[in-house]
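# Close look at the chain arrangement
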Amino acid sequence: MRVVTTFADREEFEKAHVRLDAHGVPFEMVSPDPGYRLVGVPALVTEAEGRVALTPRGAAEVISAGWVEYRPARIAVPEAEPPFYDEDVFGEARIMVLAPCVADATKIRLIAHLTGDLTGVFPYLNAEMKEACYNARGPTFTFMDAYRMVSMYARRIAVAKADEIVDGWRTLEMIRRRVNETWARRAHIEPCYEMRQKPPALEIFKRLPGTNCRACGEATCLAFAVRVHAGEAEVSRCQPVFGGEYGHLREALLEVCQAVAGRGTREDNGRRHRTRTERHAEATGFSPAHD
Ligand code: SF4
C-alpha cells in the first residue's frame, strides 16, 4: 500500500526528502505549488515501508503531519499564484495533523495552524453564511463544504472528510480567499453575532464506536450521542474511547463535541486532554493556537 504524508514547514519536507534519497527509498512528490503554496507544503508518497526511513533508530525523527493511504488527486493544483490581500487576516496555513477520517475510511482529515487570526472575521462570515454554526464564546465557526466538515477556530482549521491531500489544500485555499475577501468588504457587511444551530447529534454518533456496549450507561451509542449533544452527559463516559480499545476515535470525538459546545470539552476529572495537535505542536516548537 502506498502512503502519503506532508509537513508543517518546508524545512521538515527537505529533511525528509534528503533522508529518503540517502536511503535509496523511491518516492513521489505531490506539490501544492503554485496555486496552493500558501496553505500547503509538498507531500511525499512512498510504499508503507518508506516511512521507516524517516524514523531510523538513533537518528533524529523527521516530523511529519501523519500518514494516510495515498489516493491520486481528482483535481489539479491551479497554475496561477494565489491572490495577495492588502489585509491578510488568514496568513499561511501549516498542516500539523494528517490522518484517516474516522467516520469514513476513504477520506482524510487534517488540522492546519494559521499564522493569522480569524476571530475578527467570524461575525462577518456569520452574516453571509446562513448555514454555518457560529459560537462567539469559542470562538468557533463550523460549516459544511459539500460533504466536508470544516471547523474554524481563531488560529486553526480542522477539515474532516477531505478526499485526499490536494482536496485538503483546495479547501484551505477556498477558506483563505473567502476569509480575506469577506474581511476586505467588512465595511459593507453588518456583523452578526447570532449563534445558530449546532452540528446535529448524528455527527457525534458517527464518531462513537457503534458497538452499543452500554458502558456509558445508555442502551445505544445513538442514545448517548443525543444526551451528549443536549449537554446532559460527558462524552468521556464512553469508556471504549476514553480508556479502551477505541482510543483512536478520541480526537475526532472531542473535536465535534467542541464544535457543538463552542468551548473546550472537558473530561469528568476536570483535566482537559491535550489534542494530538497540541502534542504535535509541542514536539515541533510551533505554538498551539490560543483558542
Ligand atoms: S460506551 Fe461508547 S461504545 Fe458503548 S454504548 Fe456507550 S457510546 Fe456506545
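Residues numbered from 1 in each chain as written. Predicted model: local features only at pLDDT ≥ 70, side-chain atom pairs only at ≥ 80, totals over all residues.

### Observations concerning the overall build of the protein chain
To keep things clear, this is the line we draw: Strands are runs of DSSP state E lasting at least 2 residues, helices are runs of H or I lasting at least 4, and numbering of each runs from the N terminus. Think of it as a crowd count around each C-beta: if 20 or more other C-beta atoms lie within 10 Å the residue is buried, if 12 or fewer it is exposed, and in between it is partly exposed, with C-beta placed from the backbone throughout.
If you tally the helices and strands in the protein chain, you get 8 helices and 10 strands. Per-residue burial over the protein chain gives 42% buried out of 291 residues.

### What to know about the site of the ligand
Operational definition: Any residue qualifies as near a molecule or strand once its backbone-derived C-beta atom lies within 6 Å of it. Following the grouping adopted for this structure description, the nonpolar residues are Ala, Val, Leu, Ile, Met, Phe, Trp, Tyr, Cys and Pro, the charged ones are Asp, Glu, Lys and Arg, and the polar ones are all others, Gly among them.
Lining the immediate surroundings of the ligand are 14 residues, of which Cys213, Ala215, Cys216, Cys221 and Cys238 lie closest. In terms of residue class, the shell around the ligand is made up of 9 nonpolar, 3 polar and 2 charged.

### Remarks on unusual backbone geometry
The peptide bond linking Asp33 to Pro34 adopts the cis configuration, its omega dihedral lying at 0°. When you line up the elements, Pro34 lands in the loop between strand S2 (28–30) and strand S3 (43–47). Note the cis peptide between Gly138 and Pro139, where omega equals -10°. Locating Pro139 in the fold gives a position in the loop between strand S7 (133–135) and strand S8 (140–145). Backbone geometry places Asn212, a non-glycine residue, at a positive phi of 55°. In this structure, Asn212 sits in the loop between helix H5 (201–205) and helix H6 (221–229).

### Thoughts on the environment of Leu222
Residue placement: Leu222 occurs in helix H6. On the basis of neighbour count, Leu222 is assigned to the partly exposed category, with 16 C-beta atoms found within 10 Å. Along the chain, Leu222 and Asn212 lie 10 residues apart, while their C-alpha atoms are 8.3 Å from each other.

### Things to note about helix H1 (residues 10–22)
Worth spelling out the cut-off: Any helix carries an expected span of 1.5 Å times its number of residues minus one. Think of the arc as the fan of directions from the helix axis to the C-beta atoms. Working definition of a contact: two residues with C-beta atoms, positioned from the backbone, lying within 7 Å.
Over its 13 residues, H1 runs 18 Å from end to end, which matches the ideal 18 Å to within 8%, given 1.5 Å per residue. The set of residues buried in H1 consists of Glu12, Phe13 and Ala16. Along the axis of H1, the buried residues cluster in a sector spanning 100°; they form a single face. Turned more than 90 degrees away from the buried face of H1, the exposed residues are Arg10, Glu11, Val18, Asp21 and Ala22. Looking at the buried side of H1, the elements it contacts are S3.

### Description of the sheet that holds S2
Basically, it comes down to this: Paired strands are those between which DSSP finds at least two bridges. To get an axis, fit a line to the C-alpha atoms, keeping to the stretch in contact for a helix; angles then go from 0 to 180 degrees between the N-to-C directions.
Strands sit in the order S2-S3-S1-S4 across an open sheet of 4 strands; the sheet is antiparallel. Both edges of this open sheet fall to S2 and strand S4 (67–69), since each of them pairs with a single strand only. Strand-to-strand twist in this sheet, taken as the mean axis angle between neighbours without regard to direction, amounts to 30°. In terms of strand pairing, S2 meets S3 through 3 bridges, oriented antiparallel. Across the sheet, the residue bridging to Val30 is Ala43, located in S3.

### As for the nonpolar core
Looking at soluble globular proteins, one finds that nonpolar side chains tend to be buried together. Heads up, the rule is: Each nonpolar core consists of buried Ala, Val, Leu, Ile, Met, Phe, Trp, Tyr and Cys residues. Their C-beta atoms, within 7 Å, join them into a set.
In this structure, Leu110, Ala112, Ile157 and Leu253 are the most contacted members of the largest nonpolar core, which totals 76 residues. Those residues in contact with Ala112 that sit more than four places away from it in its chain are Ala93, Arg94, Ile95, Met96, Arg156, Ile157 and Leu172.

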